[in-house]
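Observations on chain architecture
So the chains spell out like this:
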Amino acid sequence: MPRKSRPLTRLMPHAATGIARLQRRAMKLATTSATQTAAAHAKTLKTAASKSTAAKAGTGAVPASPRKRRVGGPVAGATKAGSAALNPGALSASPLQRSVRRGVPAVASAATGTWMAGAFSTPPMQGELIGRLDYFVYLPSSRPAAGLPLIVMLHGCSQSASDLAAGTRMNRLAEREGFAVLYPQQSRGAQSHRCWRWFQPEAGVGAAEADAIANLADSVTQQYRLDPERRYVAGMSAGAGMAALVALRHAHRFAAVAMHSGAVVGAASSTSAGLSTMRRGTLRDPLTLLAGVLGANTRPGRLEDDAALPALILQGMRDPVVAPRNAEQLTKQFLHVNGMDNETPLTTELAVATPDAYRRLDYRRGNKTVVRGCENAQLAHAWAGGDAAQR
């Protein structure tokens, strides 16, 4: 049975309600200011690019193979389990090694649910001797976990899962709205600055990372009996690049994707090319770049009303790290994937003449928004609606 799409507005209730507070509450996605984040991100890729040139080696890729399945949510029963271990037979190719219940760190959330750490076994990726993907799961205490939706959140360069949780306040939102959150964390062994390797989307690098993230989402969904029809993937900056790759390669395993300050998909094949893409977008037709990253079940025109891939694309128009042109090109790509190339958006100007002013562009099929773009006039490289107190 093909997965039925969910309304885009359900993908990120935080984005839907928090966008009106963008500039005032925007923050750097980690523990530094937005300006420091921008400089760190650029420096990270410059450093990696120079090392890559000297060693004549690349840095990483992104895709993964999609399959039809429902999409899920929070971790069932985890709030009452001292520790949880996945049934080894659930995913023999990528078994969950451990899942440990911990108190929620203050830096990760002001919420009251359960914060658990785990390690997921994967095939070794480039730069690794032993394949392993660390992750954290947040389960709300406000309701039973079984049947809840799941949002997979992907951090940016030089960030950790806790940084992302604190900066986005996603756990607090999960507590209020009732969903689980999965935070995969890039290994320093795979990438010294913890960048997801969206800028090298070939097998064994970025593709392998995307596969691992999708398989991890499957495992957590099965382990905690989450709702597989309501599973979403989102990311900031490098995390947005990886979120796009995960969704495009696994379109039938995720109900929607959200990309905040992400680069156009498929334009880069190295760290230096990644840096260039972030700064300028691509000079090529963005639609021609999709062929190398789409999964077998993700083909333009094949995603009908009951199996669309809704996308939310957010961009600060004063972003010094990722040029706004990228958001325009990402929009074209996701319209194409959904067979909506010629659609004209419904444009709405909101919070006009305030520091929070933004433009919302809705591309609709019938009465459903399939692709939504949000352009904030004052926002730099920071999570819209994030916690400004976290620096």
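Source: prediction; values computed, not measured.

Observations regarding the overall build of the protein
Helices and strands together make up the secondary structure of the protein, namely nine helices and 11 strands. The buried share of the protein, taken over its 391 residues, is 59%. Pairs at least 24 residues apart make up 77% of the contacts formed inside the protein by residues separated by at least 6 positions. Surface exposure of the protein reaches about 14500 Å², of which carbon and sulfur atoms provide 51%.

Examining the nonpolar core
One finds Val152, Leu182, Leu248, Met259 and Phe334 to be the most contacted residues of the largest nonpolar core, which totals 63 residues. A per-element tally of this core places helix 7 (residues 238–249) first, with nine residues. Non-local contacts of Val152, meaning those with residues more than four positions away in its chain, are made with Leu182, Pro184, Ile213, Ala217, Tyr232, Val233, Ala234 and Phe254. Core analysis: the second largest hydrophobic core is formed by 26 residues, Met153, Met170, Phe179 and Val181 among them.

Notes on the side chain of Gln186
With respect to the helices and strands, the residue Gln186 is situated in the loop between strand 5 (180–185) and helix 6 (206–223). In this structure Gln186 comes out as buried when scored by relative accessible area, which is 4%. Within the structure, the side chain of Gln186 is placed 2.8 Å from the side chain of Glu209, a separation counted as a polar contact. Gln186 has contacts with His155, Gln191, Arg194, Cys195, Trp196, Arg197 and Glu209, leaving out every residue within four places of it along the chain.

Points about the state of the cysteines
The final tally for this structure, using the stated rule, is one disulfide. Across a sulfur-sulfur distance of 2.1 Å, Cys157 and Cys195 are joined as a disulfide pair. Around the S-S axis, the bridge from Cys157 to Cys195 shows a dihedral of about 130° and counts as right-handed. Within this pair, whereas Cys157 is found in the loop between strand 4 (150–154) and helix 4 (161–168), its partner Cys195 is found in the loop between strand 5 and helix 6, the two being separated by 38 residues in sequence.

Brief notes about the confidence of the model for the protein
Per-residue confidence for the protein averages 76 on the pLDDT scale, and 67% of its residues sit at or above 70. Counting contacts from residues 4–39, a segment whose pLDDT is below 50, to residues more than four positions away or on other chains yields 118 contacts. Across residues 51–99, confidence stays below pLDDT 50; counting only partners more than four residues off in sequence or on other chains, it has 196 contacts.

Basis of the calculations
Residues numbered from 1 in each chain as written. Predicted model: local features only at pLDDT ≥ 70, side-chain atom pairs only at ≥ 80, totals over all residues. Heavy atoms only, no water. Helix = DSSP H or I, 4+ residues; strand = E, 2+ residues; numbered from the N terminus. Buried < 20%, exposed > 50% of the residue type's maximum accessible area, 1.4 Å probe, protein only. Contact = heavy atoms within 4.5 Å. Areas by Shrake-Rupley, 256 points an atom, 1.4 Å probe, with all protein chains shown as cover. Core = buried A, V, L, I, M, F, W, Y, C linked by side-chain atoms within 4.5 Å. Polar contact = N/O pair within 3.5 Å; in protein donor to acceptor, adjacent residues only side chain to side chain. Disulfide = S-S within 2.5 Å. pLDDT = per-residue confidence, 0-100.

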